[in-house]
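Listed below are the residues making up each chain.
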2 protein chains.
Amino acid sequence: MQRSARATIKDVAKAAGVSPTTVSHALNGKGVVRRETAERIRRVAAEVGYRASPIAQGLQNSKLGLLALVIRPLHSLDTFLPEGVDYFLRLAGAASLAAMERGYSLMLVDDPTKPDAPLSATAADAYIVSEPFADDPVLTLLSEKRIPFVSIGSDPSRPGRFVELETHDWAEAVLVLDHLVAAGAQRVALLTGSDANSWNRESEDAYRHWCAERGQDPDIAAFPEAEGERVGDAALDRFFGPSATAPPDALFCLTGRHAAGVNSAAAARGIRVPEDLLLAAGSGALQNRISHPGVTTLDLRPEASAQRAVEVAVRLAEGLPLDLPLEVERAVLDVRGSTTRG
Amino acid sequence: MQRSARATIKDVAKAAGVSPTTVSHALNGKGVVRRETAERIRRVAAEVGYRASPIAQGLQNSKLGLLALVIRPLHSLDTFLPEGVDYFLRLAGAASLAAMERGYSLMLVDDPTKPDAPLSATAADAYIVSEPFADDPVLTLLSEKRIPFVSIGSDPSRPGRFVELETHDWAEAVLVLDHLVAAGAQRVALLTGSDANSWNRESEDAYRHWCAERGQDPDIAAFPEAEGERVGDAALDRFFGPSATAPPDALFCLTGRHAAGVNSAAAARGIRVPEDLLLAAGSGALQNRISHPGVTTLDLRPEASAQRAVEVAVRLAEGLPLDLPLEVERAVLDVRGSTTRG
DNA sequence: CTGAAAGCGCTTACAG
DNA sequence: CTGAAAGCGCTTACAG
């Protein structure tokens, strides 16, 4: 029968008839140990299946060299795959590379506030939290445990309270809205998500403000992010159904998947994009690029945000001053067929 | 002046005039502590900037709940971004999610054999190594430290020696080659990479064998993976230049970026794809999908490999038996314009 | 060349 | 309600 517990350095010492000190020396090539002794120790260690505990080894240094990335909207999505939402995949990939370049590893962590979260979920030297929710418990937990963190986008109910990378949601929404008008829109509606994050909030606020300035009535519908492309028909019913007064001739969808759903649902019911309906998305993905017509999207440059976030996280982990601009790059508008008439 | 070392539980205890035990109780809500004492302790802890060391806390449990992914070819690439090689990004994303579902975090780790690798680089409960090189030092290190690991693809010089997920490189190469012939190819050349991994090795072996069976001379060129799209002209010179005898009418590129480079270089010099040259790639990405013409590629299904690898890694970490098929899903051929004549 | 002892920063019975 | 003591699995001066 196997012993269920892992063999420790003591077990090896006992089995080899030496002291733990000597085992440590032999296995790590430190100190001076007679060749034969060292060899015997290595053999015994292999026999009992000994593996040094990195945790115990780390106790003296007390620094793991580990960053964590928590992508809050992940659980509002039913997939993490590239076709759906490549923003987060690009963010995670770029963050991992940036961490490596600075001598850190980066892990993707599930909600660390879960009661059964693994130890690793709270073991990182610093955290990056992407798009926190309102009153986000993750931020609360990290802050209570005094674990350093930086968020990308702010907690909408506690803006400026923690270290955060400022995004340009408002300006970016206006960029899209103005583009739609330049493309010929008379009446722009907004399709937002149901997550309570700063992206949705700010964009909606910007839209309302923009409408007020133009003297247009805001026309807003919210659908869950998790519904993805499936919202297409419901959204069209909402905006063009019998109960709809004054249907829009342009639609700004905050998520790429919603836009993709609208795009294909429109085709199915004979609403021509862009002739009858101009369509733009706030955060696009591959599918918006290869659809017919292609959908105009914002490229939020997750790679740049990731780099900056990692830079900040490393400085926090090392107790260095944050003398850098705490903001992300501005998004770029990728204009495609859905807003290009004639 | 700030004390450079982090405050410990002792510091808090001293400052609050209590014992470390009481601090531990108060901060973790364990045991029984008078309200006021607990509050004072929390206040003092905040003042001195105390944060419990997750490493010390983990000593008793001795399990981090952490998986590591090492993508070996990462350093042969000059970018990790989706346009270049989305295989690894998809692999990493899917592996992270699969890990979360099983209560683990997953970190992307740089070469753990580097002398200045952070502690985290060797602290995972189990490792996944994607596409190891020949005599890969990472596998050697993990095996010596008795850290459990599974590789996706085998170490070409030590196949079957460790726990590995079998890939179907050979069969997949034949799938592409036969497809090229079915699409009208008479003479198929191979453009491989310079990394010594099983993907390149197996595919080349399969190609040679396939040629032998058909009585064709193998025509092979190798270019570094890191060159990416830039190999286009050099590759065409190699196959169609003055020194080339019997130019091919079809080219199988093992990497998508090489294929993309060939595709655009061919257009530039008036070689028509697919009319003059049939083109297929072994591992494609977005760019092969949206180029003109689109390039026929193998979809290696990294999501499925990731899931399986995580499953195996978790079992290894927990000491469970490996009663599952140790292989990845077969790739699917995405046929596009580059191999569709007329 | 080898090992007893102290210590890394916590937690957890257990005694008071 | 509070704390002394032992222990988690290692490493590292230091003494022999």
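From a predicted model like this one, the values you see are computed outputs, not experimental measurements. Per chain, the residues get numbers from 1 upward, laid out in the order the sequence is written. Following the order in which they are written, the chains are lettered starting with A and the ligands numbered starting with 1. Whole-chain, interface and lining totals are the exception, using all residues; otherwise, since this is a predicted model, local features are given only for residues with pLDDT of at least 70 and side-chain atom pairs are given and counted only at 80 or more. The basis for the side-chain values is all heavy atoms of the structure; hydrogens and waters are excluded.

A separate point is helix α12 (residues 302–317) of chain B. Residue and element names in this part refer to chain B. What counts as a helix is a DSSP run of H or I of at least four residues, what counts as a strand is a run of E of at least two, and both are numbered from the N terminus. The span expected for a helix works out to 1.5 Å for each residue beyond the first. Taking 1.5 Å as the rise per residue, α12 with 16 residues should run 22 Å; its terminal C-alpha atoms sit 22 Å apart, in good agreement. Type-normalised accessible area, obtained with a 1.4 Å probe on protein chains alone, sets the label of each residue: buried when under 20%, exposed when over 50%, and partly exposed for intermediate values. Of all the residues in α12, the buried ones are Pro 302, Glu 303, Ser 305, Ala 306, Ala 309, Val 310, Val 312, Ala 313 and Val 314. One or two steps after α12, the chain reaches Gly 319, where phi turns positive at roughly 70°.

As a further point, take the protein's contact with DNA strand C. Only a single heavy atom is needed: when it lies within 4 Å of a molecule or strand, its residue is near that molecule or strand. Surrounding DNA strand C, one finds 26 residues, the nearest of these being A:Thr21, A:Val32, A:Thr37, B:Ile9 and B:Ser24. Within 4 Å of the protein, atoms of DNA strand C come from sugar and phosphate in 64% of cases. Polar contacts, as used here, are pairs of N or O atoms within 3.5 Å; protein pairs need one atom able to donate a hydrogen and one able to accept it. Residues neighboring in sequence count only if both atoms are side-chain atoms. With respect to DNA strand C, the side chain of A:Thr21 contributes an N or O atom lying 2.8 Å from a base nitrogen. Within the side chain of A:Thr22, one N or O atom sits 2.9 Å away from a phosphate oxygen of DNA strand C. Elements with a minimum of two residues in the surface near DNA strand C: α2 (20–28) and α4 (54–61) of chain A together with α2 (20–28) and α4 (54–61) of chain B. Its residues assigned to classes, the surface near DNA strand C comprises nine nonpolar, 14 polar and three charged. All residues other than Ala, Val, Leu, Ile, Met, Phe, Trp, Tyr, Cys, Pro, Asp, Glu, Lys and Arg, Gly among them, are scored as polar; the first ten of these are nonpolar and the last four charged.

UniProt positions are given in the numbering used here, feature names are shortened, and annotations may be inferred rather than shown by experiment. Within the UniProt annotation, "domain: HTH lacI-type" (unreviewed entry) is assigned to residues 7–61 of chain A. In the segment residues 7–61 of chain A, helix accounts for 71% and strand for 0%; the C-alpha atoms at its two ends are 23 Å apart.

Right, let's talk about the relation of the copies chain A and chain B for a bit. Our superposition of the copies is a least-squares fit, built on the C-alpha atoms of residues whose pLDDT is at least 70 in both. For the pair chain A and chain B, the superposition axis carries a translation of 0.1 Å, the fit reaches an RMSD of 0.1 Å, and the rotation angle comes to 180°. Given the turn and translation reported, the copies of this chain are related as if by a two-fold rotation axis. Of the C-alpha atoms belonging to chain A, the one lying closest to the rotation axis is found on A:Met107, 1.8 Å away. Residues count as neighbours in contact if any of their non-hydrogen atoms are within 4.5 Å of one another. Same-surface contact between copies: 100% of interface residues of chain A are shared with the interface of chain B.

Attention now moves to the pairing of strand β2 (residues 105–108) of chain A. In summary, the side chains of a regular strand alternate between the two faces of the sheet. Going residue by residue along β2(A), you find A:Ser105 and A:Met107 tucked away on one face and A:Leu106 and A:Leu108 tucked away on the opposite face as well. We call two strands paired when DSSP finds no fewer than two bridges between them. With four bridges connecting them, strand β1 (residues 66–71) of chain A and β2(A) associate as parallel partners. Pairing of A:Ala68 across the sheet is with A:Met107, part of β2(A). Pairing analysis gives three bridges linking β2(A) to strand β2 (residues 105–108) of chain B, with the strands arranged antiparallel.

It is worth spelling out the interface of chain A and chain B at this point. At the junction of the two partners, chain A supplies 51 residues and chain B supplies 51 residues. A simple way to read buried area is as the amount of 1.4 Å-probe accessible surface that goes missing from two parts once joined, with both sides added. Between chain A and chain B lies a buried interface of about 4300 Å² when both sides are counted; carbon and sulfur atoms form 67% of it. Area buried by chain A at its contact with chain B is led by A:Arg51, A:Ile55 and A:Met100, which between them contribute 15% of it. The salt bridge criterion pairs a side-chain nitrogen of Lys or Arg with a carboxyl oxygen of Asp or Glu, the two atoms within 4 Å. For the pair chain A and chain B, the number of links is zero salt bridges. Across the chain A-chain B interface, the total number found is 10 residue pairs in polar contact (both at pLDDT 80 or more).

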